[in-house]
Amino acid sequence: MLKAMCILLIAAVLAVNVVPPADAAIGCGQVVSYLNACIPYVTGQGPLGSCCGGVKGLYSAASTTPDRQSVCNCLKSLASSYNVNLDKAAGLPGQCGVSIPYKISPSTDCAKVQ
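Every value quoted in this text rests on a predicted model; they were computed, and no experiment measured them.

A. Main features of empty space enclosed by the protein. Enumeration over the complete set of coordinates arrives at 1 cavity of 30 Å³ or more. Its volume calculated, the largest cavity comes out at about 60 Å³. Lining the largest cavity we find Cys72, Leu75, Lys76, Ala79, Leu86, Tyr102, Lys103, Ile104, Ser105, Pro106 and Thr108. A per-element tally of the lining of the largest cavity places helix α5 (residues 65–81) first, with 4 residues. Taken together, the residues of the lining of the largest cavity sort by class into 7 nonpolar, 2 polar and 2 charged.

B. Representation of the state of the cysteines in the model. The full count for this structure, using the stated rule, is 4 disulfides. Covalently, Cys28 is tied to Cys74 through a disulfide, its sulfur atoms 2.0 Å apart. Every disulfide takes its handedness from the sign of the S-S torsion; for Cys28 and Cys74 that torsion is -95°, giving left-handed. Here Cys28, found in helix α2 (residues 28–35), pairs with Cys74, found in helix α5; they are 46 residues apart in sequence, far enough to count as distant. Shown here is the disulfide that connects Cys52 with Cys96, its sulfur atoms set 2.1 Å apart. Taking the torsion about the S-S bond as the criterion, the Cys52 to Cys96 disulfide, at about -75°, is left-handed. Of this pair, Cys52 sits in helix α4 (residues 51–61) while Cys96 sits in the segment after α6 (86–95), placing them 44 residues apart in sequence.

C. Just the layout of surface pockets, in detail. Of the volumes computed, that of the largest pocket is approximately 460 Å³. Leu35, Leu58, Val71, Leu75 and Ile104 are the residues nearest the centre of the largest pocket, which is lined by 25 residues in total. Of all the elements in the fold, those that place two or more residues in the lining of the largest pocket are α2, α3 (39–42), α4, α5 and α6.

D. How the structure looks around the packing of aromatic side chains. If you walk through the whole model with that rule in mind, you get 0 aromatic pairs. Looking at Lys88, its charged tip hangs above the ring of Tyr41, at a distance of 4.7 Å from the centre.

E. Representation of the nonpolar core within the structure. Ranked by internal contacts, the top residues of the largest apolar core, which has 24 residues, are Val31, Leu35, Val55, Val71, Leu75 and Tyr102. Looking at this core, the elements that each hand over two or more residues are α2, α3, α4, α5 and α6. When residues no more than four places from it in sequence are discounted, the contact partners of Val55 are Leu35, Cys38, Pro93, Cys96 and Val98.

Rules used in this analysis
- Residues numbered from 1 in each chain as written.
- Predicted model: local features only at pLDDT ≥ 70, side-chain atom pairs only at ≥ 80, totals over all residues.
- Heavy atoms only, no water.
- 1 Å grid on protein atoms, 1.4 Å probe; cavity = no way out; pocket = protein on both sides within 12 Å on 5 of 7 lines; lining within 4 Å.
- Points joined across faces, edges and corners; volume = space filled by probe spheres on them.
- Helix = DSSP H or I, 4+ residues; strand = E, 2+ residues; numbered from the N terminus.
- Nonpolar A, V, L, I, M, F, W, Y, C, P; charged D, E, K, R; others polar.
- Disulfide = S-S within 2.5 Å.
- Phe/Tyr/Trp six-rings, centres within 6.5 Å; stacked < 30°, edge-to-face > 60°.
- Lys NZ or Arg CZ within 6 Å of the ring centre and 35° of its normal.
- Core = buried A, V, L, I, M, F, W, Y, C linked by side-chain atoms within 4.5 Å.
- Buried < 20%, exposed > 50% of the residue type's maximum accessible area, 1.4 Å probe, protein only.
- Contact = heavy atoms within 4.5 Å.

Right under this line is the structure:
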């Protein structure tokens, strides 16, 4: 019984950390889909290429505060999952002509993103 409760508690903690806020329409899967073309660039394995199309599409899609917070959390998670050059990642919005309300960085507090 105790083992089952521990497993349930661990699953609940993981779900809270993985599931985007209830009001957010954009999940991490969508963020990856938009930014897939950027991975070679931010990992130093390729040119900027068609990355800006994804950056602009994601920027347009993230129209609410919960969406932007969800995207922020996903970006932080992705940055730690891949060997990302943080300077290149942080510079993407400017290179692609969009202005986001936060810096792409592991230290960004996504709860403060508006």
